[in-house]
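# Breakdown of the fold
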Amino acid sequence: MKNPYDHLFNGVCFVFVDLSNFGLPDMLPDFIGYIFFAYGIHLLPTYHNLKRWSKNFAIILTVMSFFLELGQWLGYSILGEIGVQFMQFLFIIFMYWVFQLLLHIHSNKPLEAKTFKTYQKFMAFMLCGFVIQAFSINVDTSMRENVHFIGSLLQIFAYFLFIFYYRACHKFYKEINEKKVHSL
Amino acid sequence: MEERDYELFEALKKRPDKDPDIVFSNQLRQKLEKTHIKKKKRFSIATILTVPVTIATLLFVFNIGTGQSFHLKNAAQLTIHLEKDLINIVCMFLMLTLSLFILLVYYKGLMKGRLVYMTFSLSFFAWVGNLIYAEHQNMDEPIVQPSYNETYDYTSKQYYIDEIQQEQDNYLMKKNEGGMK
C-alpha cells in the first residue's frame with residue numbers, strides 16, 4: 001500500500017517551490033502538486049465527507065492553476081500578480097480543509113497533538129504572510145520588496161513546519177505497517 | 001469543550017505518575033471550567049462592541065446638537081504634507097493588527113467556529129481593499145508591466161521613421177547624382 005503522506009508532501013513541495021522568481025521557467029508547476037494532493041487525499045483511510053470535499057477542491061484548484069500556469073508560459077498574464085495571490089489564498093483555504101481531514105483521521109491517536117500544533121502554526125504563518133504580501137502593494141516603493149520578502153519568509157516557515165510534520169507522519173505510518181506485518 | 005479536553009490532556013501528560021487519578025482530574029476539570037467561564041464573562045463580544053458604538057453615537061448626537069463639525073482645518077493643513085507618511089503608517093497599523101489578530105486566534109487554539117472563518121474573510125477583504133486602493137491611486141509604476149502598451153502609438157511612429165528615412169535616401173541620391181556629374 002502507498003503512503004498517502006508522501007503524496008501530500010509532494011503536493012506541498014510542488015505548490016511552494018516556484019522557480020519563476022529566479023528567472024527560470026517553473027519546473028515544478030502547481031497543478032501537478034494539486035494532482036498529488038488529490039491522490040494523497042484519495043489514499044487517506046477515511047469515509048468522512050471532508051475527504052470528498054477536499055478532493056474535489058484539489059481537482060478544481062488543479063484546473064485553475066493549470067490555466068494560470070498556461071498563461072505564464074505563453075507570456076501573457078491576464079491578471080498578473082493578482083491571479084497568483086488569489087491562488088495562494090485558495091491554497092490556504094484548501095490547507096484548512098486538509099488539516100481538518102488530518103485532525104479527523106488522527107483523533108485519539110498518538111499524532112493528534114502534533115497535527116493540531118502544526119495546523120495552528122501553519123495556518124497562522126500562511127495567513128500572516130498573505131496579509132503582509134497583500135499590504136505590500138500599497139507600501140512605499142523603497143519598502144515594497146522588503147515587506148514582500150517578510151511575507152514570503154513567514155510562508156517558508158510554514159513550509160518547514162509541514163516538512164517536520166511529514167517526517168513524524170512518515171515514521172508513524174511505517175510503524176503501523178510493521179506492526180501489521182508482525183501480526184500477520 | 002474540545003479545547004478544554006485538549007488542555008486537560010496536556011496537563012495529564014505532564015503528570016509525574018501515569019495512573020489514573022479521578023480526584024485530580026476532576027479538580028483540574030473544575031479549575032479549567034471556572035477559568036473558561038471567567039474568560040467568557042470578561043471578554044464577551046457585546047462589551048467589546050458596545051463601547052465604540054456608544055462613543056460613536058454620543059459623538060454623532062453632539063455633532064448634530066451643537067452644529068459643530070469635526071473638520072480640523074489647521075491640523076489638516078499640517079498633516080497634508082505628511083499625508084503619504086500617514087497612509088503608510090495606517091497601512092502598517094492595519095497590517096499589524098490583522099496579523100496579530102490571526103496569530104491570537106490560532107495561538108489560543110480557537111479553531112472551531114466563526115473566528116477561523118473571520119480570519120479568512122478579513123484577510124481576503126484586506127487583499128481586495130489593497131487592490132482597490134492601488135487601482136484608485138494610479139501608482140507611478142504598475143504592478144503588472146505589460147509587454148504591449150496600448151497607449152503607445154506604434155503606427156504613427158513607424159510612419160515618421162519611414163518618412164525620415166525616405167528624406168535621407170532622397171538626400172543621399174541627390175548627393176550621389178551631384179557627385180556623378
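Residues numbered from 1 in each chain as written. Chains lettered and ligands numbered in written order. Predicted model: local features only at pLDDT ≥ 70, side-chain atom pairs only at ≥ 80, totals over all residues.

### With respect to unusual backbone geometry
- Of note, Asn108 of chain A is a non-glycine position whose phi angle comes to about 60 degrees, a positive value.
- Checked against the element boundaries, Asn108 of chain A lands in the loop between helix H4 (81-105) and helix H5 (112-135). (Helix = DSSP H or I, 4+ residues; strand = E, 2+ residues; numbered from the N terminus.)

### Focus on the interface of chain A and chain B
- With 21 residues of chain A in contact, the opposing surface of chain B contributes 22 residues.
- Broken down by secondary-structure element, the contributors of at least two residues to the side of chain A that touches chain B are H4 and H5 of chain A.
- Considering each element in turn, the side of chain A that touches chain B owes the most residues, 10 residues, to H5 of chain A.
- Its residues assigned to classes, the side of chain A that touches chain B comprises 14 nonpolar, 5 polar and 2 charged. (Contact = placed C-beta atoms within 7 Å. Nonpolar A, V, L, I, M, F, W, Y, C, P; charged D, E, K, R; others polar.)

### What to know about the packing of H4 of chain A against helix H6 (residues 114-137) of chain B
- Viewed as axis vectors pointing N to C, H4 of chain A and H6 of chain B meet at an angle of 175 degrees, and their least axial separation amounts to 11 Å. Accordingly, the angle class assigned to the pair H4 of chain A and H6 of chain B is roughly antiparallel. Seen from H4 of chain A, the contacting residues are Ile82, Gln85, Phe89 and Ile93 of chain A; seen from H6 of chain B, they are Phe120, Phe124, Trp127 and Leu131 of chain B.
- Broken down by class, the residue content of the contact of H4 of chain A with H6 of chain B amounts to 7 nonpolar, 1 polar and no charged. (Axes fitted to C-alpha atoms, helices over the stretch in contact; angles between N-to-C directions. Parallel < 35°, antiparallel > 145°, perpendicular 65-115°, else oblique.)

### Some words on the UniProt feature "transmembrane region" (unreviewed entry) in chain A
Residues and elements named next belong to chain A.
- The positions that UniProt labels "transmembrane region" (unreviewed entry) are, in the present scheme, residues 31-50, 57-76, 82-102, 122-141 and 147-166.
- As a span, residues 31-50 carries 75% helix and 0% strand, and end to end its C-alpha atoms are 21 Å apart.
- End C-alpha atoms of residues 82-102 are separated by 30 Å, and the span's content is 100% helix alongside 0% strand. (UniProt positions renumbered as here; feature names shortened; annotations may be inferred.)

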